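Next come the chains, spelled out residue by residue.
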Amino acid sequence: MDLEVRHLKVVCAIAEAGSITRAAAALGVSQPSLAAQIRRIERLLGGALFVRSRQGAAPTALGEFVLARARSVLPGIEAIQRESALHAGSTSGRRPLRYVATPGPLAVGLVRELQDLFPGSRPTLRTEASLATAAALVASGQQDLATGTEFLRPGAELPADLGRVTVAVEPAFVLLPATHPQATRPVVDLADLADADWTLPANQGNGLFEVFSEACARAGFTPAVRHDAEAGAARELIADGQAVGLGQATFRGTPGVVPRPLAGTPLRIRHLLLWHRRGALGDHAPAVAARADRVYAAAVRRSPHYLDWLAENPSVVR
């Protein structure tokens, strides 16, 4: 048996997932089948690539070596496939253009724009809660393009192999129950929410916890984050009056939830477009960025609360 590209993808998938079971689910194969495949690859390469335990699968020294080489080789191989299809204007008969997005105004809207920009490319959308995960998927060549959000803070870094464009910077709004005393105010001071129970998503690698904790400290309190909930459950908690939360300025209206700007704009969110520098989309990045700008502008027009804020703060946005 000769070493093949698919073997390298299997090794990378197991390393990324941290276990053979999770990797099998991500690849759509059975766990026994994937376990047998990695054993064949290990025999081919002359040693164990992973140490298996109850905690998962951790790379051995040989595994780290193979992973490093695979991660440098795979993007180039996949770029050849992508570039041939994209430059021809179609991916007919080939795999589709792969797009991963974290929740935000660009996620769904950009799919149609990609289809229009690359006829026949049949773009697919994968959603991820974590910006770090989405970026890693593009850096490893498993996805071609990503959009995501991060909270502005010093020292933030993404993988060096990624090209990036800032589509927009917007303020974070506080999301209040319609019955909350602060919901009738046009602007809310963060300090006035010192006694509130908060709902925030799990750590998404986007700087939320760092900048939120710092902003609350400057306001003189430590926030009580009572609920660790994804967006849908968080909206229900807020609408039911059980918590307050944070959202993007382009937050779509939800019955019972009132978005309000925070005084002094202590939290800002950056919307990013990411691609691999050596990938097929490098030459097309300006065109894709223009489409992302268009999608974001449409999201702003659908957000009356943000339009009101922009009218009062025209110099604050990028």
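Described below are features of the structure shown in this document. (Residues numbered from 1 in each chain as written. Predicted model: local features only at pLDDT ≥ 70, side-chain atom pairs only at ≥ 80, totals over all residues. Heavy atoms only, no water.)

### Thoughts on the pattern of salt bridges
Condition: Take a side-chain nitrogen of Lys or Arg and a carboxyl oxygen of Asp or Glu: if they are within 4 Å of each other, that pair is a salt bridge. A helix here means a DSSP run of H or I that spans at least four residues, while a strand means a run of E at least two residues long, and both kinds are numbered starting from the N terminus. The buried label applies to any residue whose accessible area, calculated with a 1.4 Å probe on protein chains only, is under 20% of its type's maximum; exposed applies above 50%, and partly exposed to all values in between.
Inspection of every chain in the model, using the stated rule, returns 10 salt bridges. With a shortest N-O distance of 2.7 Å, Arg291 and Asp116 are connected by a salt bridge. Of this pair, Arg291 sits in helix H9 (residues 285–301) while Asp116 sits in helix H5 (residues 109–117), and the two are 175 residues apart along the sequence. Among the residues examined, Asp116 registers a relative accessible area of 48% and is labelled partly exposed. A salt bridge links Arg185 to Asp192, with the nearest nitrogen and oxygen atoms 3.0 Å apart. When its relative accessible area of 35% is taken as the criterion, Arg185 is described as partly exposed. Of the residues examined, Asp192 reaches a relative accessible area of 41% and is grouped as partly exposed.

### Re the packing of helix H1 (residues 5–17) against helix H3 (residues 31–45)
This is how the line gets drawn: Lines fitted to C-alpha atoms define the axes here, with helix axes fitted over just the stretch in contact, and angles between the N-to-C directions of these axes take values from 0 to 180 degrees. In this scheme the crossing of two helices becomes right-handed for a clockwise turn of the near helix relative to the far one and left-handed for an anticlockwise turn of less than a right angle. In this description, contact between two residues means that some pair of their heavy atoms is separated by no more than 4.5 Å. Residue polarity follows a fixed list, in which Ala, Val, Leu, Ile, Met, Phe, Trp, Tyr, Cys and Pro are nonpolar, Asp, Glu, Lys and Arg are charged, and the others, Gly among them, are polar.
Interaxial distance between H1 and H3 falls to 10 Å at its minimum, and their mutual angle equals 115°. Crossing of H1 against H3: the hand is left-handed. Together, Arg6, His7, Val10, Val11 and Ile14 of H1 and Leu34, Gln37, Ile38 and Ile41 of H3 make up the contact between the two elements. In the contact of H1 with H3, the residues fall into 6 nonpolar, 2 polar and 1 charged.

### Some points on the environment of Leu152
Tracing the chain through its elements places Leu152 in the loop between strand E5 (145–151) and strand E6 (162–177). Counting along the chain gives 30 residues from Leu152 to Gln182, while the straight-line C-alpha distance between them is 25 Å. Residues in contact with Leu152, not counting those within four places in the same chain, are Val169, Val211, Arg268 and Arg270.

### Digging into H1
This is how it is decided: In this scheme, a helix's expected span is set at 1.5 Å multiplied by one less than its residue total.
Between its first and last C-alpha atoms H1 spans 18 Å; for 13 residues at 1.5 Å apiece the expected length is 18 Å, and the two agree. One or two steps after H1, the chain reaches Gly18, where phi turns positive at roughly 85°.

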